[in-house]
Amino acid sequence: MADQQFSAPSRALSGIRHINHDHRRGYVKIGNHLAQHRELSMTAIGLATHIQSLPTGSKVTIKALAERFPEGEVRIAAALRELETHGYLARLKERLPSGHVVTCTVSYNNPPARSTETHRERRETASTPQPGPDADPEPAPEETPEDVPEAEVPEVELQARQLLARLRLRDPRLVLSERDTVRLAPAAARWLGRGLPQAAVIAALTRALPSTTIHSPAALLAHRLREQLPPRIPDAWEAYPVAADREVHPLRSCEDCDRAFRSPVPGRCTSCAAAAPAA
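Before going into details, it helps to say that this report is about the structure given with it.

What about the side chain of H50?
At step 1: On the secondary structure map, H50 appears in helix α2 (residues 42-53).
At step 2: Not counting residues within four places of it along the chain, the set of residues in contact with H50 comprises L65, R68 and F69.

Written out as structure tokens, the structure is:
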């Protein structure tokens with residue numbers, strides 16, 4: 001009788017398994033950027049979670065936290081410094097109306113988003129011209145390019161404005177406002193000033209456009225006008241001085257062999273002229 005074969009026991013799944021239930025009340029939302037932070041210690045992550053769950057006005061001093069948790073003041077102070085370094089906490093000095101200076105602790109639940117907003121504000125501030133210390137507080141309104149009469153605008157710049165306005169006929173996404181058209185016209189005029197026809201400039205500006213939505217056609221065209229500006233073609237006299245001096249004679253037929261050769265006057269080719277004295 002054959003031996004009975006027993007099936008191998010099922011292998012248990014390794015790793016964590018989650019059993020989740022929705023929180024109806026008394027919960028706090030924590031981002032993975034904090035819960036899975038690679039550079040924060042477990043004490044700092046737990047302390048940040050506790051601080052974010054506290055209501056506004058709660059005390060988060062080192063002594064108050066040491067009374068709440070078994071960790072000592074040294075570990076809690078080190079964890080607070082970690083959170084402050086990575087942008088989850090900020091300790092600010094504020095002066096009260098009475099004249100006393102107190103420390104105010106601010107908790108940030110999403111430092112990556114705050115960093116993005118800060119960079120955006122810095123870029124907007126940098127792009128906005130700041131008045132100098134001696135500037136007039138109420139400067140006179142400057143004349144904008146749109147206010148300049150067309151009679152005073154160079155002809156090549158007027159052609160550039162028309163070129164930029166016609167780009168929307170090539171691609172409907174390249175719709176420019178009148179202000180953007182006037183602002184980009186000098187850069188397009190440089191292309192026309194280097195001998196390129198308008199069709200070549202339009203082809204260069206509309207070649208290989210992104211297939212997605214173009215949110216800022218003016219920025220895209222400004223980048224291409226600046227970065228893809230073709231070089232200026234040197235004068236033929238400066239580039240090829242020898243070729244400029246050489247005269248190209250017309251083709252003529254040899255009187256003896258009927259071979260084509262270049263010469264200022266009719267006659268024989270070089271071979272026939274050399275063979276004539278020998279004959």
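Focus: the nonpolar core
At step 1: Ranked by size, the top nonpolar core spans 23 residues in total, and within it L163, L164, L167, L184 and L205 carry the most contacts.
At step 2: Elements with a minimum of two residues in this core: α6 (155-165), α8 (178-193), α9 (198-206) and α10 (217-227).
At step 3: Here the element with the most residues in this core is α8; it accounts for six residues.
At step 4: In this structure L163 touches L192, Q198, V201, I202 and L205, once residues within four positions along its chain are discounted.
At step 5: Among the nonpolar cores identified, the runner-up in size contains 15 residues, and A44, I45, I51 and I76 belong to it.

As for helix α4 (residues 73-85)
At step 1: The terminal C-alpha atoms of α4 lie 18 Å apart, and with 13 residues this matches the ideal 18 Å at 1.5 Å per residue to within 8%.
At step 2: Those residues of α4 that sit buried are I76, A77, A79, L80 and L83. Mapping the buried residues of α4 onto a view down its axis gives an arc of 160°, with all of them on the same face. Away from its buried face, by an angle of more than 90 degrees, α4 presents the exposed residues V74 and T85.
At step 3: Those residues of α4 hidden inside the fold are in contact with α2, α3 (62-68) and β1 (89-95).
At step 4: Positive phi appears at G87, one or two residues downstream of α4, with a value of about 90°.

About the cut-offs
- Residues numbered from 1 in each chain as written.
- Predicted model: local features only at pLDDT ≥ 70, side-chain atom pairs only at ≥ 80, totals over all residues.
- Heavy atoms only, no water.
- Helix = DSSP H or I, 4+ residues; strand = E, 2+ residues; numbered from the N terminus.
- Contact = heavy atoms within 4.5 Å.
- Core = buried A, V, L, I, M, F, W, Y, C linked by side-chain atoms within 4.5 Å.
- Buried < 20%, exposed > 50% of the residue type's maximum accessible area, 1.4 Å probe, protein only.
- Expected span 1.5 Å × (residues − 1).
- Arc of directions from axis to C-beta.

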